[in-house]
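For reference, the chains in residue letters:
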Amino acid sequence: MKNFAGIVVLAIIVVLTARAETTETRRLSSERVREPIVIDGILSESAWHRQGWTDFTQKRPTEGAAPTHRTEVWVAYNDEALYVAARMFDSAPDSIMNVLGRRDYDVTADWFTVYVDPYRDKRTGNYFSVSAAGSMQDGTLSNDEWNDNSWDGVWDVKTATDATGWTMEMRIPFSQFRFIEQSSYTWGINFARSIGRTTEQDFVVFTPTKGSGFVSRFIELVGIEGVKPPHQIELLPYITTRAEFLQHAPNDPFNNGTRLLPGIGADVKAALSSTLMFNGTINPDFGQVELDPAVVNLSDVESYYQEKRPFFIEGASTFEFGYGGASNFWGFNWSGPDFFYSRRIGRTPQGSIPFSASFIDAPVGTHILGAGKITGKVAGDWNFGMIQAVTKREFAQADTSGVRVRDIEIEPASYYGLARMQRSFNDGRQGLGFIGTLTQRFFNDQRLKDEINSGAVTGGVDGWTFLDEEKVYVVTAWAGASRVAGNRGRMIDLQNSSRHYFQRPDVSYLGVDSSATSMTGYATRLTLNKQKGSVMINAALGVISPGFDVNDMGFMWRSDVINAHVGGGYKWTDPTRYYQSAQLMTSVFESKDFGGTRLWAGWWMSGNIELTSFWNINAGMAYNPSSTDIHATRGGPAMLNPIGREFFGGISSDSRKEIVFNVHGDAYIGGSGKSYYAGVWMQYKPAPNINISIGPGLNYGFTAAQWINDWQNPVIDPLATATYGRRYLFADMEQRTLSTDIRLNWTFTPRLSLQLFMQPFISSADYRNFKEFLRPGSFDFRSFGSDGSTIAKNISQQGDLSYTLDPDGGGPASAVTISNPNFNYKSLRGNAVLRWEFQPGSVVYFVWTQTRSDSETLGNFEFRHSLGRLVDSRPDNIFMIKFSYWINA
C-alpha cells in the first residue's frame, strides 16, 4: 500500500504546463418593457421586434461548426420578472419533434433552454427548458458543470409553431432567483437549442468535449436596472385524504383492513434577505409518488434508497459534501460516506417490543413535527445551507392472547440539525467548505438506550485547488470526524455491528471496549482529476478509520479501509465516417484495512463508442487477484477471497426512433462462485405524448460461501479452537432473480399527465451442502455429513423443515438446529399518479398504489408457479388525493 499511495501522491503533485485559453467577454443587453407581455408563444410584442442574439455554435454532432438552422433570442424585463423570447428557424417545420413529456422528464425532442447565473459567481445558477410541444424542465446548476432537476420553480412558458419554425415566450419571476441588490446588474446567461431529429445541439457557449467548465463560460447579461430582489412569502397549504385497504390477520384487534387518514399541512418559503431563502413545513406530507424498489438483501449491510420526498429533494445539491472543483470522481471499491442521508429523518422506528406479541400496531415511519431549511448566500459569497427537523416520540401497541399493552415507546423524540457552507475563490480556482451535523435523542423509556444511540455529531472540511493557470489539473480533498454517544450496552452493539466488527478475533489492532460510552473516528479522501484534453487522468487516496460512523444522520456501509486508485484513458472527440466519439479507460486499485490486510484489488478496463448512427456500444473487463474477506464471517476470522474475473458490455439504439432499446450484461467468475446478469430496456413511443418502457433483468448467482441467516450462527463451541471457540456455518447457494420495471407516461398537456409504474419481482434461493469454516485466512470448509460430522432433516407437525448439524456425530461438540433457509419471494408493486398543475405552483394529485407479495420456503425458481401465487395473493390498496394551492404573498 505504501508504494501504491506513493504513486497516487506523485500523480497529484505533477503539474503540466499548457497554453492558456483566451476568452473574449461577450454581452447581451436586456431591455425594460413598459407594455404588458402576454405569454402565448406568439412574438407580437414590440420588445421582440428589435435585433436579437443569433451567435450560436454547434456542440454536436460537429463541435465548433456553424448551426444548421438560425436561432434568435431576446431578453427583456420589468419590475416583476425576466422575459425571454426565442425564434427557432427551421427549413422543415413539419419535421420538428413536438414530443410531449411530463415535467422534468427528458424526451428526445426539439428543446430550448435558458441558463442564468444571477450571482455571477461562475459556479451556480438555474436553468429553464421548454420543448416545442410545451414540456417544461427546470433545475439548479452547481460546481460549474453539474445540474439537478429536483428544484421546481414557478414560471410560465408557451410555444407556437408556424411556417418558419417554432417560437417560445418565457416569463420567470424575479422571486425565483437569488441575487444581491444593486442599482444595475451583470448576470451570467446562456442559451441552448436541441434539434431532435438530427441530435444537433447549439449553444451560445458550451463545455468543449476536451474541456471543462460550463457556468464560468456564460456571457454577460447587462441592462437590468432598478430591480429589487423580492422579499416575498410563498405559502403552499395542502389537504390530503388517504384511504387504505390492507391485508390483515384474522382477529387482529388493531387492523380490520380499512383505514381513512385525512391530513392538512403547509409548506412555506420566505425570503429572509435578498440572498437567503427559508423553507419550512408543518405536518409535512411525505407521501411518495414512486415506490421503493423490491430487493432481497442477504448481505450484512443495509440497503440504500433514493430520497423521494419533495421537501428534502429540493436544493439537495446545496448539502453535498466532498465534491467540488473536479468534474469526475472515479471510485473503485470505495464506498464513501454521505454525511447527510435525508431518509434518516422520518425513518422507521428503531426500538423493539420487549416481549413476544401476537399482534402489533406500530407506525411505519416516524412523524416529523416540523422541519425548516435555509439556503442561499451569507457573508458575501459563502453558499449556505441549514436544515433543522424535530420528530415525535413514537409508541406501539401490542396484544398477546387478548391482553393489550399500550404506549410502548419504540422511537424517542429526536432532533436533527445540519449546516453547510462553501465558497470559491480566485475565479473558482480554489474552494473551501464546511459541514456539521447533530443528532440528539430524548428517551422516556430507558430500555431504548440499549438499542439506539443517544446522540451523534459529525464535522468536516472540504475544498479544491487547481494546480495550474489553465485549470487542467485539480485536486479535491475532504476530511471529517465523528463522535457517537450512548450507554455501554449500546456502544458494545455498535462496535460489534457490521460497519465496524471490532470483535474480529484474528486482528490485534481492534477490540471491543466494554466500558466505552462513545466512539470516535475520522475519514478523508484526496482526488486528482485532469479536466481538459484527450488524455484523462484520475487518482485518489481515501481513508475511513475503524471508529468512524455517520449513520445517525448520514449513510455508510463500511469503516476500517484504506483505498487508492490510479486511472486514465483517452477520448476521441472528432467525428469520423465511422463514429461520433469514443473513449477508452483503465485503472488499477487496491483496498486494505488498518492492519495492512488486502481487502480488494484489481485492474479494470472499459471502452465505449458512439457510432455515426447514434448507437452506443460499451464493453469492459476486470481482474481481481486473491484478497481477504473480513466480513464473510460477520465479525469472525477472515476468509480468503479467491481470484475473480469480470466481463461486461452493452449496446443501445438511437433514441430518436419510435422504438428504443438497450441490452446489457455482466459476468463474474471466480471469488467464491459466479454470477451472470442480463437485462433489456425497451421504450416504445406510439404517439408524441405517450411512451411505454419495460426493463426486465435476470440474475443468476452461485456462491460456495453463503452465510446462513440464522440467530444461532455462529455457534459457540469451545472445542472449535481453530476458529476461536465458534463455528461459522455456510452453504452453497444458487439464487435466481427476475425483476421488471414497467412504465407508462401519458402526457395530455404540459401540466396534466398520467404516470403508471409496475414492478414484478421474483427471487428464489436454494441452499445445499451445509458446511463449517475451518481455518482463518483460508477458503477451507468441512461439509456436514463428512469426516465424522452428521446432518439430519427434521420435519415438524406443521410440516416445517429444519436441519440438525453435528460436527462430530454425537461427540462432545455442540450440535445446532437451523431452520430451512430456502426461499422463494415474489412481489408486485405498482402505482398510478394523475398530476394536474391547474395553475403555476398549484397541483392536484390522484394516486393509487397497490402492493402484493408472497413467500415460500422453496429453493426452486418456478416462474409459472410463482406468477400464479402472486396473482392469487391478496393485495394492499392505498388511494390518495392531495390538493395544494400556491399563494405568493
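Everything below is about the structure printed above this text.
Residues numbered from 1 in each chain as written. Predicted model: local features only at pLDDT ≥ 70, side-chain atom pairs only at ≥ 80, totals over all residues. Heavy atoms only, no water.

Caption draft 1: Summary view of the overall build of the protein. Looking only at helices and strands, one finds four helices and 50 strands in the protein. A compact globule built from 889 residues should have a C-alpha radius of gyration of about 29 Å, and the protein, at 30 Å, falls within 12% of that. Oriented by its inertia axes, the alpha-carbon framework of the protein measures out at about 100 × 65 × 55 Å. Within the protein, buried positions represent 53% of all 889 residues. (Helix = DSSP H or I, 4+ residues; strand = E, 2+ residues; numbered from the N terminus. Rg over C-alpha atoms; globule rule 2.2 N^0.38 Å. Buried < 20%, exposed > 50% of the residue type's maximum accessible area, 1.4 Å probe, protein only.)

Caption draft 2: The arrangement of the pattern of salt bridges in detail. Counted under the stated rule, the structure contains 44 salt bridges. Of the charged contacts in the structure, one is a salt bridge between Arg420 and Asp462, with a shortest N-O distance of 2.8 Å. Of the two residues, Arg420 is situated in strand E23 (residues 413-425) and Asp462 in strand E25 (residues 455-466); the sequence distance between them amounts to 42 residues. Grouping residues by exposure puts Arg420 and Asp462 together as buried. Between Asp732 and Lys771 there is a salt bridge; the shortest N-O distance is 2.6 Å. Within this pair, whereas Asp732 is found in strand E41 (residues 729-749), its partner Lys771 is found in strand E42 (residues 752-773), the two being separated by 39 residues in sequence. The exposure class of Lys771 is buried, given its relative accessible area of 6%. Through salt bridges with shared partners, a single network forms among Arg103, Asp138, Asp152, Asp156, Lys158, Arg751, Arg835 and Glu837. (Salt bridge = Lys/Arg side-chain N within 4 Å of Asp/Glu carboxyl O.)

Caption draft 3: How the structure looks around the sheet that holds strand E18 (residues 359-361). Pairing is antiparallel across the open sheet formed by three strands, whose spatial order is E18-E21-E22. Pairing within the sheet leaves two strands with one partner each, and these edge strands are E18 and strand E22 (403-411). Here the average twist between neighbouring strands, direction ignored, is 25 degrees. Judged from the six bridges that link them, strand E21 (residues 394-400) and E22 form a sheet pairing that is antiparallel. Counted as the bridge partner of Glu394 is Glu411 from E22. (Pairing = 2+ DSSP bridges. Axes fitted to C-alpha atoms, helices over the stretch in contact; angles between N-to-C directions.)

Caption draft 4: Looking closely at a nonpolar patch on the surface. A cluster of nonpolar side chains, Ile233, Leu235, Ile239, Ile264, Phe883, Tyr885 and Ile887, forms an exposed patch at the surface whose accessible area comes to about 600 Å². With three residues, strand E15 (residues 233-245) is the largest single contributor of residues to the nonpolar patch. Structurally, Ile264 is set in strand E16 (residues 258-271). (Patch = residues over 30% accessible without salt bridge, like charges linked within 9 Å, V, L, I, M, F, W, Y side chains within 5 Å. Areas by Shrake-Rupley, 256 points an atom, 1.4 Å probe, with all protein chains shown as cover.)

Caption draft 5: Region of the structure containing the sheet that holds strand E11 (residues 165-173). Ordered by their spatial adjacency, five strands build an open sheet running E2-E4-E5-E11-E10, and the pairing between neighbours is mixed. Each edge of the sheet is formed by a strand with only one pairing partner; in this case those strands are strand E2 (31-32) and strand E10 (156-162).

Caption draft 6: Expanded view of the nonpolar core. Grouped together as the largest cluster of nonpolar side chains are 47 residues, with contacts concentrated most on Phe112, Met168, Met170, Phe177, Trp187 and Phe191. Elements with a contribution of two residues or more to this core: strand E4 (71-77), strand E5 (81-89), strand E6 (111-117), strand E7 (125-131), strand E8 (136-142), E11, strand E12 (184-195) and strand E14 (219-225). Take this core: its biggest share by element is five residues, from E12. Those residues in contact with Trp187 that sit more than four places away from it in its chain are Val116, Asp117, Pro118, Arg120, Phe174, Phe177, Phe179, Ile219, Glu220, Leu221 and Ile224. (Core = buried A, V, L, I, M, F, W, Y, C linked by side-chain atoms within 4.5 Å. Contact = heavy atoms within 4.5 Å.)

Caption draft 7: Layout of the pairing of E42. Both E41 and E42 contribute to a ladder of 17 bridges, which runs antiparallel. Bridge pairing links Thr747 to Ser753 in E42. The antiparallel hairpin formed by E41 and E42 contains two residues in its connecting segment. Where E42 and strand E47 (residues 823-839) come together, 14 bridges link them in antiparallel fashion. From the neighbouring strand, Ser763 faces E47, where its bridge partner is Tyr825. Across three bridges, E42 lies against strand E43 (residues 781-783) in antiparallel orientation. Considered in E43, the bridge of Lys771 is made with Ser783.

Caption draft 8: Quick peek at the environment of Tyr668. Take Tyr668: it is sitting in strand E36 (residues 659-670). Under the relative-accessibility criterion, Tyr668 is labelled buried at 15%. With 128 residues separating them in the primary sequence, Tyr668 and Ser796 have C-alpha atoms 39 Å apart. Apart from residues no more than four positions distant in its own chain, Tyr668 is found in contact with Trp600, Asn624, Gly644, Arg645, Glu646, Gly673, Lys674 and Ser675. Side-chain polar atoms of Tyr668 contact the side chain of Asn624, separated by 3.0 Å. (Polar contact = N/O pair within 3.5 Å; in protein donor to acceptor, adjacent residues only side chain to side chain.)

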